[in-house]
Amino acid sequence: MIGLISATAAGAAARDRLAAAWPDRTRVYEGPVKEAVRAAFAECEQLVCFLATGAVVRLLAPLLAGKAADPGVVCVDEGGRFAVSLLGGHGGGANELAREVGALLGAEPVVTTATDAAGLPGLDTLGLPYEGAVAAVSRALLDGEPVALAAEVAWPLPPLPLAAEGAYTIRVTDRDAVPGEREVLLRPPSLVVGVGASKGVPAEEVVGLVEGALREAGLSVRSVAELATVDAKAGEPGIVAAAERFGVPLVTYSAGDLAEVEVPNPSAAPLAAVGTPSVAEAAALLRGGELLVPKRKSAMATCAVVRRPARGRLAVVGLGPGARDLLTPRAAAELRRASVLVGLDQYVDQIRDLLRPGTRVLESGLGAEEERARTAVAQARAGHAVALIGSGDAGVYAMASPALAEASDDIDVVGVPGVTAALAAGAVLGAPLGHDHVSISLSDLHTPWEVIERRVRAAAEADLVVTFYNPRSRGRDWQLPKALAILAAHREPATPVGVVRNASRPDESSRVTTLAALDPATVDMMTVVTVGNTATRTVAGRMVTPRGYRWQASQEEPK
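Note that the structure is predicted; figures quoted are calculated from it, not measured. (Residues numbered from 1 in each chain as written. Predicted model: local features only at pLDDT ≥ 70, side-chain atom pairs only at ≥ 80, totals over all residues. Heavy atoms only, no water.)

Draft legend 1. The arrangement of the overall build of the protein in detail. Helix and strand counts for the protein come out as 19 helices and 28 strands. The principal-axis extents of the C-alpha atoms in the protein amount to approximately 85 × 65 × 50 Å. Looking at the protein residue by residue over its 559 residues, the buried ones come to 48%. Expressed as a percentage of contacts within the protein between residues at least 6 apart in sequence, the contacts between residues at least 24 apart total 63%. As displayed, the protein has an accessible area near 25800 Å², and 52% of this comes from carbon and sulfur atoms. (Helix = DSSP H or I, 4+ residues; strand = E, 2+ residues; numbered from the N terminus. Buried < 20%, exposed > 50% of the residue type's maximum accessible area, 1.4 Å probe, protein only. Contact = heavy atoms within 4.5 Å. Areas by Shrake-Rupley, 256 points an atom, 1.4 Å probe, with all protein chains shown as cover.)

And the structure:
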């Protein structure tokens, strides 16, 4: 919960805007400010104080307990100009909260945490349990000292400027190790514990069995991702309580699914009781992995431990038509998250300044689309966080389709939409896409012209607005005239046509002409051509396609 505190009418107005936008996340604290801050500090995970930072510092000083316990605090000034991350930037989430508040209120987020200022992810913000010298290793990263990565378990991490060797180390491990004085241990959720039990098993017995198995195998309990068992034990109180004690979900599988898993230690007892020869080992192994601890028994329970391989992450990111302000916030976040970026060299150049230090860039030229797709998938399979970039929307004439054709279910795939060239050009031209429309690429490098021509003819007969991608190049100068001739057989010569070159970029140019007057020689590969349907009109120099056909019915064009 986020506590909201204000002292003035202006502060209360901004406070109420936040409360209205986040009704389920916020609680307004009324009354004297000192008592309100004290109550919110004790009851909430985060605070937003619409007060001067100096006043908030004095109010908070007697309440501070420590970095791990204090809530995150953001201050918003009286004029609503700045949202200052004051306390708990990382651990309390105040840095991200300042950005959220700033976006909502139109305030500038002020984040002074050193790693954020340098564009580095904080080691305590990666979502992984951590131990060791976070401050010292973070300082080494900031000072440019060599910090080595020792990945005993492959796991997708955000980009970090790491060296092959160094006096400081970031170790990714699920082993029960003690960090050195210049070392940070990151605990990936790589361990799955399968559990079977008799009816009425005490939670203490399950917990003790699991902790003993992990301890004897030299594994960290902080890397346990889940407990797994058979459906018939989904409500067994002792198992449910054990999962809660470890702070992990309880995952269940049907007896039939578990019976199909090959295990080293099957038994007749669970087969007779729940219909599968193995519960603990089978539940731990069902989704793959390495069996580290075979079945162990106590009086009423069994357990087994499996290390699952890391699932790499592939984000297919649309960069939009080229203008930086048309790059979505989600796309920018994925670029910062990726430790490996794969893309066409000219697209990489567009966003290189958004990448965090340590991002590995794999770029190539035109014509290497399939190679880029294979490279991106291979990097994700190796356990990395990968961003594969494309212009516009990556799913429209771009990299999503070849990448997803390569990817299987062994990696996580995230699609990040972008503003397409057709949409960017449409916005420049007016509203040409106001009714049904279609996009057709005139490039016959991968699609036979006979197929393209059939699609153009179908669009013409269906009276669809048509946006042509890849309309004309030096080696393909006849396709656009042919396509326009097909449309002309179904539309009047005065049909509006919009031509936009380099939509949204600094050298953007556009014009509205007609089907009869368009000169294909003025079009190139950086151009998008949009041909209206029979209802499209030019209004004040802009293309407009009405949602309905009232203009035709009235036989009168709007003034």
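Draft legend 2. Quick peek at the sheet that holds strand β7 (residues 130-132). The mixed open sheet is built from four strands, whose spatial order is β7-β10-β9-β8. Taken across any chain shown, the strands that pair with only one partner, and hence form the sheet edges, are β7 and β8 (147-151). The average angle at which neighbouring strand axes cross in this sheet is 20°, direction not considered. Bridge analysis of β7 against strand β10 (residues 183-186) gives three bridges, and the strand direction is antiparallel. Within the sheet, the bridge partner assigned to Y130 lies in β10 and is L186. This element, helix α6 (residues 134-142), spans β7, β8, β9 (168-172) and β10 of the sheet and lies at about 115° to β9. (Pairing = 2+ DSSP bridges. Axes fitted to C-alpha atoms, helices over the stretch in contact; angles between N-to-C directions.)

Draft legend 3. Summary view of the packing of aromatic side chains. Taken as a whole and assessed by the stated rule, the structure comprises two aromatic pairs. Ring geometry for Y397 versus Y469: centroids 4.7 Å apart, planes at 55°, classification tilted. Highlighted residues: Y397 in the loop between β19 (385-390) and α15 (400-406) and Y469 in strand β23 (residues 465-469), separated in sequence by 72 residues. For Y397, a relative accessible area of 45% gives the class partly exposed. Under the relative-accessibility criterion, Y469 is labelled buried at 11%. On the numbers, 5.1 Å between centres and 70° between planes, the contact of W449 with W478 is edge-to-face. Within this pair, whereas W449 is found in helix α17 (residues 449-461), its partner W478 is found in the loop between β23 and α18 (479-488), the two being separated by 29 residues in sequence. The ring of W22 has R25 sitting right over it, with the charged end atom 4.3 Å from the ring centre. (Phe/Tyr/Trp six-rings, centres within 6.5 Å; stacked < 30°, edge-to-face > 60°. Lys NZ or Arg CZ within 6 Å of the ring centre and 35° of its normal.)

Draft legend 4. A look at the sheet that holds strand β17 (residues 340-344). The strand order β18-β17-β19-β16-β20 describes an open sheet built from five strands, whose pairing is parallel. Each end of this open sheet is capped by a strand with a single partner; those strands are β18 (360-364) and β20 (412-416). Averaged over all pairs of adjacent strands, the angle between strand axes in this sheet comes to 15°, irrespective of strand direction. Where strand β16 (residues 313-318) lies against β20, five bridges are found, and the strand directions are parallel. Residue pairing across strands places L314 opposite V413, the latter belonging to β20.

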